[in-house]
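Reading the structure
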Amino acid sequence: MHIQDLVRSSLQSLGRTKGRSALTMLGIIIGVLSVILVLSIGEAAQRQILGQIAAFGSDVVFVRNGPTESTGQPTPFFKESLTFRDVRKLESYPWATIIVGKVVQQDEIVAQGITTKAQIIGTMPGELYLTTTPVAAGSFLTLSDVESRSRVAVLGTDVARAAFGSEDPIGKTIKVNSVPFRVIGVMARAGSSGFFNPDRAVYVPVTSSLDAYNKKYLTLIQAKTSFQDIREGVNRIAVALRDKHGIDNPSGDPTKDDFNLLTQEDMIKTASTVTGILQILLSSIAAISLLVGGIGIMNIMYVTVTERTREIGLRKSLGAKQGDILSQFLFEAALQTLVGGIIGIVLGIIFSWIGISIISKYQAGWEFAVSIRGVLLGLSVSTAIGIVFGFFPARRAAYLNPIEALRRE
Amino acid sequence: MTDIIKVVDLNKKYVNDEVVTPVLHGVTFSVKKGEFIAIMGPSGSGKSTLMHILGFLDTLTTGKYFFDERDVTTLDDDELARMRGENVGFIFQAFNLLPRTTVLENVKLPLLYSNIPLGERDKLARQAIDSVGLGHRVNNLSNQLSGGERQRVAIARALIRNPAVIFADEPTGNLDSKSGVQVMGILQRLNLEQGRTIILVTHETYTSEHAERILHIRDGLIHADVPVKNRRIADGKEELLK
């Protein structure tokens, strides 16, 4: 049988049952579409998260409360331990270039009787060296603000807009946890970046925020050191804090500490692991829908073989060999899944573009890119499904006894 | 004239779940090239099974079958498929055309399984369609045709690979008498003008009388093998040929 004959004959057969062929393809279309969608959005999320971590700067060490567990991850159950005195201690070393102690609090502020959601960040002047966002109006917190526990605040642009509208907020008063603060500056627009939105932040001196919330402990300390190798900085900070907290841990076992240290590299490693697991999980779910589509194809092919029994008998009576019948049915199945796969890929790309466009309106850093992995996976898996799931019905067709087939009404 | 078909002591048994059903018991006969014979018998007599074996659609259990002096019993499945494609044409009671497919495509169907070049196929198909008087219907879909026209398309399809033998299994069974006469007329012309061997399977005496010779089958045996005395000629006038 010529290949042209095979193609034409299969197309004619599929054309005779257009509606059914379309429905058969639908299973594969949805399967491939979901694979592409999941992989595209998953990959975009991964890029977004990694981009966000990159924004922290590769030379910043994060000091957080609680020991590291034996698994290498920070424990979720811990006693707070970091205090402003730790900041002072770290600042006393000559290698400490920037030390910023922070208290982060999800809360509301009240300004002119209007309540606005905000992230209250108790921080220090060094904050400006850790972010790329400049001050748009007024000024940022100063060292003396921190020393004197001044009740002054710098507003993120969205908070300023929500609380004061078009009015100039500088010099006005806001209340944080019922404590009045005077606005001294407004930040420029930063753009949201996932779990932290700087435009909804209110920066106050870390000391004043400890007072306002009646707290003793910091949420975290961000530190930059003068060492070339960040590991050296991590080690020095650990030794300094152990000394300050009176922890006897000469071997440097992180599970014995009451704090944990994290670098950008650590975060990327964790994020990659997490997003990787997520991708595998979501892909498996998408793969199940592909499998269901494949079983649908097999089911319909069996029905088709039964329905076309007479035709198969006729073809055999006209000289078709078993191989001719087998290849025709196999080709029909593969053609349906291949075409379904291509449609699924196109729709998947369109859907993920729409999805990512919508997400990027709410979060910065989301960029659309066609998932090459998804396209290759979709094409190969859908064709393979056609051949694998088409094989058994096609074989049944090929082995049909021509007389039985012709007799069938 | 040489024998195109020669069958010696042909036996056929169907084995189904250890139940053996004998169908043909020692059938021996031969058909000469260019002969028009009818195989007649009531249903269950084994006439269809005999035709299927002669047409390479089924295999015999014991005995010998020579087609054009070639021993058919030694052929495998693929060789039998080739024999079907190259040497015989089938016409069925139910026409067996592909639905929603044009007359042209239906007639071209056997060429899928041939080595005839793609460029020559349309020409061959049109010739075959013209020869059954359906030249004006080439691009009609098979379901737009009347029963008689459908059977003529089936005849064109059977002819396209220029087979030596045509098997017609109750070809008029689903037709009104006028269309039936038309179909029998075409078969007779193929026999008389082109010298094709025709093997007609029927249970109607009237239809069988269009053949030169009738093989009566009963209970899997040849009951009688007689020439037709007053052969009917289907030329629309229904005269008797002496």
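From a predicted model like this one, the values you see are computed outputs, not experimental measurements.

Scanning chain A from terminus to terminus reveals 13 helices and 10 strands. What you see for chain A is a C-alpha radius of gyration of 32 Å, clearly larger than the 22 Å of a compact globule of 409 residues, by over 25%. With respect to the principal axes defined by its C-alpha atoms, chain A has extents near 100 × 60 × 35 Å. Across the 409 residues that make up chain A, the buried fraction comes to 49%. In chain A, the proportion of contacts linking residues at least 24 apart, taken out of those at least 6 apart, comes to 78%. With the model as given, the accessible surface of chain A reaches about 19,200 Å², and the carbon-plus-sulfur share is 61%. Once the 40 positive and 33 negative side-chain charges of chain A are each reduced to a mean point, those two points are 8 Å apart.

Right, let's get into helix H4 (residues 118-131) of chain B. Residue and element names in this part refer to chain B. With 14 residues, H4 extends 21 Å from end C-alpha to end C-alpha; this agrees with the ideal 20 Å at 1.5 Å per step. Among the residues of H4, Arg121, Ala125, Ala128 and Ile129 are the ones counted as buried. Seen along its axis, H4 keeps its buried residues to an arc of 95 degrees; they face one direction. More than 90 degrees from the buried face of H4, the exposed residues found are Gly119, Lys123 and Asp130.

The next subject is the confidence of the model for chain B. Of the residues in chain B, 97% have a pLDDT of 70 or more, and the chain-wide mean is 91. Among the prediction metrics, the complex's ipTM stands at 0.91, with pTM recorded as 0.73.

Here the focus is the sheet that holds strand S1 (residues 3-16) of chain B. All names here are of chain B. The antiparallel open sheet is built from 4 strands, whose spatial order is S2-S1-S4-S5. Here the strands that pair on one side only, and so sit at the sheet edges, are strand S2 (19-32) and strand S5 (70-71). Two elements, strand S4 (residues 62-67) and S5, share 2 bridges in a ladder whose sense is antiparallel. Each bridged residue has a counterpart across the sheet, and for Phe66 the counterpart in S5 is Asp71. Against the sheet, helix H1 (residues 47-54) engages S1, S2 and S4, with an angle of about 120 degrees to S1.

A complete count under the given rule lists 1 cavity of 30 Å³ or more for this structure. Approximately 80 Å³ is the volume attributed to the largest cavity. Around the largest cavity, the lining comprises 13 residues; the ones closest to its centre are Leu318 of chain A together with Val88, Pro110, Arg157 and Ala158 of chain B. At 3 residues, strand S6 (residues 88-91) of chain B tops the list of elements feeding residues into the lining of the largest cavity. Looking at the lining of the largest cavity residue by residue, the classes come out as 7 nonpolar, 3 polar and 3 charged.

Here the focus is the pairing of strand S3 (residues 114-123) of chain A. Residues and elements named next belong to chain A. Taken across its 10 residues, S3 has 7 buried, putting it largely inside the fold. As paired elements, strand S2 (residues 96-111) and S3 share 9 bridges and run antiparallel to each other. Bridging from a neighbouring strand, Val110 pairs with Thr115 of S3. Connecting S2 to the antiparallel partner S3 that follows it, the hairpin turn spans 2 residues, and Gln112 within it adopts a positive phi of roughly 50 degrees.

Below, the discussion takes up the side chain of Thr116 of chain A. All names here are of chain A. Tracing the backbone shows Thr116 in strand S3. Accessibility expressed as a relative area gives 4% for Thr116, which makes it buried. Sequence-distant contacts of Thr116, defined by excluding residues within four places in its chain, comprise Asp107, Glu108, Ile109, Ala162, Ala163 and Arg200.

Moving on, we get to the interface of chain B and chain A. Listed as interface residues are 28 residues of chain B and, on the opposing side, 26 residues of chain A. When the buried area of chain B at its contact with chain A is split by residue, Leu57, Leu112 and Tyr113 of chain B rank highest and sum to 26% of it. There are 2 salt bridges connecting chain B and chain A. Here Arg121 of chain B ties to Asp5 of chain A by a salt bridge, and the two come within 2.9 Å at their closest N and O atoms. Linking chain B to chain A there are 9 residue pairs in polar contact (both at pLDDT 80 or more).

Next up on the list: the pattern of salt bridges. Residues and elements named next belong to chain A. Taken as a whole, this structure holds 29 salt bridges over all chains when the rule is applied. Linking Arg189 and Asp158 is a salt bridge whose minimum nitrogen-to-oxygen distance equals 2.8 Å. You can see Arg189 sitting in the loop between strand S7 (179-187) and strand S8 (201-205) and its partner Asp158 sitting in helix H6 (residues 157-164), a full 31 residues away along the chain. By relative accessible area, which is 54% here, Arg189 ends up exposed. Between Glu311 and Arg315 there is a salt bridge; the shortest N-O distance is 2.7 Å. Linking Glu311 with Arg315, this pair stays in helix H10 (residues 309-317), spanning 4 residues, or about one helical turn. By the burial criterion, Glu311 is buried, and Arg315 matches it.

This part takes up unusual backbone geometry. Even without glycine at this site, Ser178 of chain A takes up a positive phi of about 70 degrees. Residue class for Ser178 of chain A comes out exposed when judged on its relative accessible area of 64%. One non-glycine residue with positive phi stands out, namely Asp219 of chain B, at about 50 degrees. Note that Asp219 of chain B resides in the loop between strand S9 (213-218) and strand S10 (221-227).

Core analysis: the largest hydrophobic core is formed by 65 residues, its most contacted members being Ile5, Phe29, Ile39, Leu54, Tyr65, Phe67 and Phe167 of chain B. Ranked by residues supplied to this core, first place goes to helix H12 (residues 372-399) of chain A with 6 residues. Contact partners of Ile39 of chain B, with chain neighbours within four places excluded, come to Lys47, Leu50, Leu54, Ile199, Leu200, Val201, Thr202, Leu215 and Ile217 of chain B. Counting residues in each nonpolar core, the second largest holds 40 residues, with Val103, Ile129, Ile166 and Val183 of chain B among its members.

Rules used in this analysis
Residues numbered from 1 in each chain as written. Chains lettered and ligands numbered in written order. Predicted model: local features only at pLDDT ≥ 70, side-chain atom pairs only at ≥ 80, totals over all residues. Heavy atoms only, no water. Helix = DSSP H or I, 4+ residues; strand = E, 2+ residues; numbered from the N terminus. Rg over C-alpha atoms; globule rule 2.2 N^0.38 Å. Buried < 20%, exposed > 50% of the residue type's maximum accessible area, 1.4 Å probe, protein only. Contact = heavy atoms within 4.5 Å. Areas by Shrake-Rupley, 256 points an atom, 1.4 Å probe, with all protein chains shown as cover. Lys, Arg positive; Asp, Glu negative; His and termini not counted. Charge placed at Lys NZ, Arg CZ, Asp CG, Glu CD. Expected span 1.5 Å × (residues − 1). Arc of directions from axis to C-beta. pLDDT = per-residue confidence, 0-100. Pairing = 2+ DSSP bridges. Axes fitted to C-alpha atoms, helices over the stretch in contact; angles between N-to-C directions. 1 Å grid on protein atoms, 1.4 Å probe; cavity = no way out; pocket = protein on both sides within 12 Å on 5 of 7 lines; lining within 4 Å. Points joined across faces, edges and corners; volume = space filled by probe spheres on them. Nonpolar A, V, L, I, M, F, W, Y, C, P; charged D, E, K, R; others polar. Buried area = accessible area lost by both parts, 1.4 Å probe. Salt bridge = Lys/Arg side-chain N within 4 Å of Asp/Glu carboxyl O. Polar contact = N/O pair within 3.5 Å; in protein donor to acceptor, adjacent residues only side chain to side chain. Core = buried A, V, L, I, M, F, W, Y, C linked by side-chain atoms within 4.5 Å.

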